[in-house]
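# Summary of the model geometry
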Amino acid sequence: MKQLYSTSLLMLFLTGACVMGSCSDDDKSQPDTSPQQENKFSFNEQTRPLESAVYELKETVSEGETSQKDVAPSVYTFYLSPTKGLTDVNGMNVADNYIKIASSQVNGDVDMSVEGNEITYQDLILNNTNAAQATKSDVKIQMLSAKVVNIAIDVEVEGKKLTASYYGLCTKQADPNAEDKIDITLDRVINSFYLGKAREGDSHNYYFIFSNANYSKGPQGGITLTEPGYMFVADLYALPKEDVYDMPTGDYMPSMFLEDHTFDKNYSGVSYLDEDGSRAQLPLVEGESIAVSKQDSIWTISARIVDHDGMERTIAFQGQMKIKDMPSGGTATLPQIGHDVEVVGVSAKATYYGNMMNAATGMMWINVYDDKYLNQEGSNGMAVALVVFHDLFGNPKDATIMPGTYTVNQSFKHSTWLPAIEIPMQGMVFPFGTYAQMDDGTSFGQFSYAQKGTITIENGQHMNQYKITYDLESADGYKITGSYEGIIPITDASDDKNPDDGTSTLERDYNMNLSTVNTATYHVPSVVYVEGIGDKPVSTYQCGFQIINIGLEVEAEYEKDFTRRKPGGDIFRMELCTEKGKENVITPGEYKVQPNRWPDYFKPGAMLPGIIRDGAFTSSRWMHQDYKVSESGFVFEWMDGHALIYDGVVNISKVEGTDNYKFEIDGICGRKHHVKGTWEGPVVALGNSKKADASKANHFVTNEEVKEMSAAYRKAASQKIEMNK
């Protein structure tokens, strides 16, 4: 069974060499210089010019033939005439004056003793029946391209002499049975872009690349076929409809002026890679159109080409296709599915990668497989990789998949899923993130990279089961939908180091209940602690500092009636950096916890991590208080839970129509557990009842005063312990 790729798997090495930066119908096999010869012929010493050339091609491979072995070669029949302007065999027959050469050999000397090879002109006939009696039978034919031929004849039979030399255009006779017949069907959409208004005129540009083979893309956007097949590039121009993404149908003729219903010959063409790895540029038939049609949701875009064996064929893409803007970030390297997919899973497994990129969230990679993907390799089975971020686990072996609704984000935030990207590595490319994969029997399949939508995870109907639904949209505009319900075994692949430094008592993520706090306080410190240096005056730095307390741990020592909070419960402190001069106001915004207490991190919008000073937890931290009331009515409180905050974010917003503020807290402790909570209410300056006001100076509280309050708290806790004894 093909595996969905994860960070521990390498992509299969992409091989092959059929790079096509831009296609052209230039004839690469044409020699640099033309043969120096006149187009003329001589029969019985009478010389005349050759003015017209036509050929027809008879294929001898039967319908559905899968092997070329033991099959007679195709036969070319050339008509060379002194009459000008003849472009088909009917015209030659009407003029009734032409040399006719039939041959299965068009790459050099022609052996006239081979059955089927023949030259006729008037009463001269040379073929396998009389080749042995011919005085001369020198014939050479070189098809230099689908429309250029070099022919040299010097024969003598029964006293009749014919010499001829022709180099130039030779029109291929149209196949009357070729209409609406597709000889080469392409089913993969590599690019289908609307590029906007053309650089000249009023038409708009549509650019397509189709294939029937696996491919990869280079860093500059070049396409490489990695297995034998065809690649068709169509650079089209048209006056758009009201919906510019619904390209007009019809015949697009070759032109260099980019007018309505034309294609640019310089960037349209077909490339072919054979089984030996040889690459060929196949020209479009001169003067033929690129035809565009659409029935319901099925597009057909076709062209006539001269194939690698010299035979003229119709090549066409046929299938669903979504025309879209070219992505600014570049296009996918690996083959894309190019249509809507639904993956109804019958099996799933997950891998827990832990704290990836130090995002303080747990990354869970979930693979969901349908029945075909599991059991019928190469039958277009489907699978999805879902990469979601949720809680970290103190013991990764206990990791579970967390229920919730996950939205897209690239930052590894909690309750998000990761959109797909491609990661190059030592010449290889592999997908990372959320995507669908189709097993088409090739070495790596086809993909659809998710960029939008939601993933919903619920507990299943039975123990240890999950229900997952996904409604996503790919980068190229197609749906990725489906579901799975059942057991999902989880493998731990995390390399998280033990984060326990003794500053947290949490065993799992914790949701605070801050409803017991009715008024928060703030104070402006006079010094700030700098890691490795010590206390420095706040005036040293180009920002302000403020400490906000949602609940004071020593409040019982200062206000016996608990006017700002009820006894016990959760309390939370945050040390914030503000703009200089705004220390005495509460500034709404997002405050991200910084990794260190160094001056480089002292900037507005920063939240400083918690520290231990003289045995006390200070700066950004969470505590939980328990309490007991003595017979005298004195309230004893003590800490029964704590955590310094080392990471996370706090969002502060003003409550409209009030003087209150709303705090949305998602802190992360040293054990990587989240401390979450929401609180709303007034914020007053510590030491008085006035609310935060930038117009008046407030009391500056030193770190020493904070230490004194913490010491009082510890004293109260010690008294409680003694009382219990």
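Cut-off values and rules
- Residues numbered from 1 in each chain as written.
- Predicted model: local features only at pLDDT ≥ 70, side-chain atom pairs only at ≥ 80, totals over all residues.
- Heavy atoms only, no water.
- Helix = DSSP H or I, 4+ residues; strand = E, 2+ residues; numbered from the N terminus.
- Buried < 20%, exposed > 50% of the residue type's maximum accessible area, 1.4 Å probe, protein only.
- Contact = heavy atoms within 4.5 Å.
- Phe/Tyr/Trp six-rings, centres within 6.5 Å; stacked < 30°, edge-to-face > 60°.
- Lys NZ or Arg CZ within 6 Å of the ring centre and 35° of its normal.
- Salt bridge = Lys/Arg side-chain N within 4 Å of Asp/Glu carboxyl O.
- Pairing = 2+ DSSP bridges.
- Core = buried A, V, L, I, M, F, W, Y, C linked by side-chain atoms within 4.5 Å.
- pLDDT = per-residue confidence, 0-100.
- Axes fitted to C-alpha atoms, helices over the stretch in contact; angles between N-to-C directions.
- Polar contact = N/O pair within 3.5 Å; in protein donor to acceptor, adjacent residues only side chain to side chain.
- Disulfide = S-S within 2.5 Å.

## Remarks on the overall build of the protein chain
When its secondary structure is counted, the protein chain shows 4 helices and 56 strands. Here the protein chain holds 725 residues, and 51% of them are scored as buried. Taking the intrachain contacts of the protein chain between residues at least 6 apart in sequence as the baseline, contacts between residues at least 24 apart amount to 62%.

## Observations regarding the packing of aromatic side chains
On inspection of all chains with the given rule, the structure shows 24 aromatic pairs. Ring centres 6.2 Å apart and planes at 50 degrees place the aromatic pair F210 and F232 in the tilted group. With a gap of 22 residues between them, F210 in strand β16 (residues 204–211) and F232 in strand β19 (residues 229–238) connect regions that are remote in the sequence. One exposure class covers both F210 and F232, and it is buried. Each member of the aromatic cluster is reached from another via a ring pair, and the members are F208, F210, F232 and F317. A cation over an aromatic ring shows up here: K654 above the ring of Y661, its NZ or CZ 5.4 Å from the ring centre.

## Some words on the environment of L169
By the secondary structure assignment, L169 is in strand β12 (residues 160–169). Residues L169 and A53 lie 116 residues apart in sequence; the distance between their C-alpha atoms is 7.0 Å.

## Notes on the pattern of salt bridges
One pass over the structure, following the stated rule, counts 13 salt bridges. As a salt-bridge pair, K241 and D246 come within 3.3 Å of each other at their nearest N and O atoms. Residue classification places D246 among the partly exposed positions, given a relative accessible area of 23%. Between D647 and K592 there is a salt bridge, and its shortest N-O distance comes to 2.8 Å. You can see D647 sitting in strand β53 (residues 647–654) and its partner K592 sitting in strand β47 (residues 589–593), a full 55 residues away along the chain. Salt bridges linked by common partners bring D183, R304 and E312 together as one network.

## Topic: the sheet that holds strand β9 (residues 124–126)
Taking strand neighbours across the sheet as the criterion, the 6 strands line up as β9-β8-β6-β5-β4-β13 in an open arrangement whose pairing is mixed. Unpaired on one side and paired on the other, β9 and β13 (171–172) mark the two borders of the sheet. Pairing of strand β5 (residues 75–81) with strand β6 (residues 99–103) involves 5 bridges; the strand directions are antiparallel. Within β6, the position partnered with Y79 by the bridge is K100.

## Concerning the nonpolar core
One finds F78, I99, I119, I141, I153 and L162 to be the most contacted residues of the largest nonpolar core, which totals 33 residues. Setting aside its immediate chain neighbours within four residues, F78 contacts V54, Y55, I99, K100, I101, V106, I141, M143, V149, I151 and C170.

## What to know about the confidence of the model for the protein chain
The predicted model of the protein chain averages 81 in pLDDT, with 82% of residues at 70 or higher. pLDDT under 50 marks residues 61–70. Its contacts with residues more than four places away, or in other chains, come to 4 contacts. With pLDDT under 50 throughout, residues 716–725 is counted as low confidence; its partners more than four residues away or in other chains account for 13 contacts.

## Comments concerning the sheet that holds β12
Spatially, the 6 strands line up as an open sheet ordered β3-β2-β12-β11-β10-β7, and their pairing is antiparallel. Strands at the two margins of the open sheet, each flanked by one partner only, are β3 (46–49) and β7 (107–109). The sheet shows a mean angle of 10 degrees between the axes of neighbouring strands, direction not considered. Of the pairings in the sheet, the one linking strand β11 (residues 148–157) to β12 comprises 10 bridges and is antiparallel in character. Looking at β12, one finds that V149 is bridged to G168.

## A word on unusual backbone geometry
Not every positive phi belongs to a glycine, and D96 is a case in point at roughly 55 degrees. Within the fold, D96 resides in the loop between α1 (89–95) and β6. Taking the relative accessible area as the measure of exposure, D96 reaches 61% and is therefore exposed. The phi angle at H261 is positive, at roughly 55 degrees, despite the residue not being glycine. Checked against the element boundaries, H261 lands in the loop between β20 (250–255) and β21 (262–264).

## Focus on the pairing of strand β52 (residues 635–644)
Here β52 lies mainly inside the structure; 7 of its 10 residues are buried. Of the pairings in the sheet, the one linking strand β51 (residues 621–629) to β52 comprises 9 bridges and is antiparallel in character. From the neighbouring strand, D626 faces β52, where its bridge partner is W638. Between β51 and β52, which pair antiparallel and follow one another directly, the connecting turn spans 5 residues, one of which, G633, has a positive phi of 95 degrees.

## Focus: the side chain of S271
Inspection of the secondary structure assignment puts S271 in strand β22 (residues 269–273). Within the structure, the side chain of S271 is placed 3.4 Å from the side chain of Q281, a separation counted as a polar contact.

## Considering the environment of G196
Locating G196 in the fold gives a position in strand β15 (residues 188–197). Exposure remark for G196: the relative accessible area of 13% places this residue in the buried category. Placed 48 residues apart in sequence, G196 and V244 show a C-alpha to C-alpha distance of 8.5 Å. Contacts of G196, omitting those with residues within four sequence positions, involve H204 and N205.

## Brief notes about the state of the cysteines
What the rule picks out here adds up to 0 disulfides. Of all cysteine sulfurs in the structure, the one in C577 sits closest to C543, which takes part in no disulfide; the separation is 4.3 Å.

## A word on the environment of L552
Mapped onto the fold, L552 is located in the loop between β45 (544–550) and α3 (555–558). Given a relative accessible area of 7%, L552 falls into the buried group. Residues L552 and R564 lie 12 residues apart in sequence; the distance between their C-alpha atoms is 8.5 Å. If we skip the residues at most four places from it in the chain, L552 touches T521, R564, R565, I571 and L686.

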